[in-house]
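# Inside the fold
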Amino acid sequence: MRPVGIFGGTFDPVHFGHLRPALEVTENLGLEELRLIPGRVPPHRAAPGAAPEARLQMLRLAVAQQPGFLIDEREMQREGPSFSVDTLRSLRSELGADRPLCLIVGADAFLGLGSWHCWEEIPRLAHIVVTHRPGWELEPHTVAGAEDAIALLDRARLGSREQLASAPAGGVWLEAVTQLEISATDIRRRQRTGRNIRFLLPDAVRRYIDDNGLYGP
Ligand code: ATP
């Protein structure tokens, strides 16, 4: 059974550092579909710069032309903080016990896994696919607070991509993707200071930001 990819984020705004790795994972792992799941209230960080509806709209503009990418609004519809474990529980009950689920996270997010709500349940619900992100090395294991994530990596690291499709959950897979040193924080800062953000994110998203005066001074 082909795996379903799950890619959560604040997407404030969505940019090529999200989209290009997501496409490469989709291709390399032969995903059935990739669900982009924008969070309403991110549990780990300050309030987003753009309203939930604007972040959703930017995501829609970004993936409109990409078959296999779909936007899953369940976190937007749920009240309270967006915990990944709740999202995975509801996807698991919807997609069935046997479907391989792949939670896709950048290396920075993966290293913080030990601080996520009920994190130990996550590998029971899904595989974790970790994509490289510039500036974040998984080895040597030097990031403070990353002990739980690294222990999970040591324990559950898969030896081949095929193993992802042969079990519904439980493995950790490292996927080397094109490294793009782009962050939403940097895009918001450039926009705030009147710099050009072109070529960091899709043009349609850039136009939406300008037309709606997002991330301004
Ligand atoms: P911010 O700068 O506002 O913190 P961000 O650019 O890190 O935002 P998020 O929406 O917080 O984006 O990230 C969602 C997911 O995308 C996380 O798993 C994160 O690791 C991953 N990600 C974001 N940017 C990149 C990138 N340039 N390369 C690889 N992964 C990325």
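Report on the accompanying structure.

About the cut-offs
- One numbering rule holds for all chains: residues counted from 1, following each sequence as written.
- Totals for whole chains, interfaces and linings use all residues, but because this is a predicted model, local features are given only for residues with pLDDT of at least 70 and pairs of side-chain atoms are given and counted only at 80 or more.
- Excluding hydrogens and water, the side-chain figures rest on all heavy atoms present in the structure.
- Classification of residues uses two cut-offs on accessible area relative to the type maximum, computed with a 1.4 Å probe and protein chains only: under 20% is buried, over 50% is exposed, and between them is partly exposed.
- Going along the chain from the N terminus, every DSSP run of H or I of four or more residues is numbered as a helix, and every run of E of two or more is numbered as a strand.
- In this context, the arc is that of the directions from the helix axis out to the C-beta atoms.
- Contacts between residues were defined by any pair of non-hydrogen atoms, one from each residue, lying within 4.5 Å.
- In this description, a nonpolar core means a group of buried Ala, Val, Leu, Ile, Met, Phe, Trp, Tyr and Cys residues linked to one another through side-chain atoms lying within 4.5 Å.
- Only strands joined by at least two bridges in the DSSP assignment are considered to pair.
- For every element, the axis is a line fit to its C-alpha atoms; helices are fit only across the contacting stretch, and the angle between N-to-C directions ranges from 0 to 180 degrees.

## Digging into helix H10 (residues 203–211)
Buried within H10 are the following residues: Val-205, Arg-206, Tyr-208 and Ile-209. Seen end-on, H10 carries its buried residues on one side only, within an arc spanning 160 degrees. Residues of H10 that are buried in the fold lie against helix H2 (52–63) and helix H9 (184–192). At the C-terminal side of H10, Gly-213 shows a positive phi close to 60 degrees.

## A word on the nonpolar core
Counting residues in hydrophobic clusters, the biggest one holds 35 residues, and the most contacted among them are Val-14, Leu-34, Leu-36, Met-58, Val-129, Ile-209 and Leu-214. If you list the elements that add at least two residues to this core, you get helix H1 (16–28), strand S2 (33–38), H2, strand S4 (101–106) and H10. Sorting elements by how many residues they give to this core places H2 first, with five residues. Not counting residues within four places of it along the chain, the set of residues in contact with Leu-36 comprises Phe-7, Phe-11, Leu-59, Val-63, Phe-69, Leu-70, Ile-71 and Asp-72. Counting residues in each nonpolar core, the second largest holds 29 residues, with Leu-101, Ile-122, Val-130 and Ala-149 among its members.

## Notes on the sheet that holds S2
Judged by pairing direction, the sheet is parallel, and its six strands sit side by side in the order S3-S2-S1-S4-S5-S6 without closing on themselves. Strands with a single pairing partner mark the edges of an open sheet, and in this sheet they are strand S3 (69–71) and strand S6 (172–175). Direction aside, neighbouring strands of the sheet carry axes that sit 25 degrees apart on average. Two strands pair when backbone bridges link them, and S4 and strand S5 (residues 127–131) are joined in this way by five bridges, in the parallel orientation. Bridge pairing in S5 links Cys-102 to His-127. Strands in contact with H1 are strand S1 (4–9), S2, S3, S4, S5 and S6; relative to S3, the strand with the most contacts, it is inclined by about 125 degrees. Here H2 sits on the sheet in contact with S2 and S3, set at roughly 165 degrees to S3.

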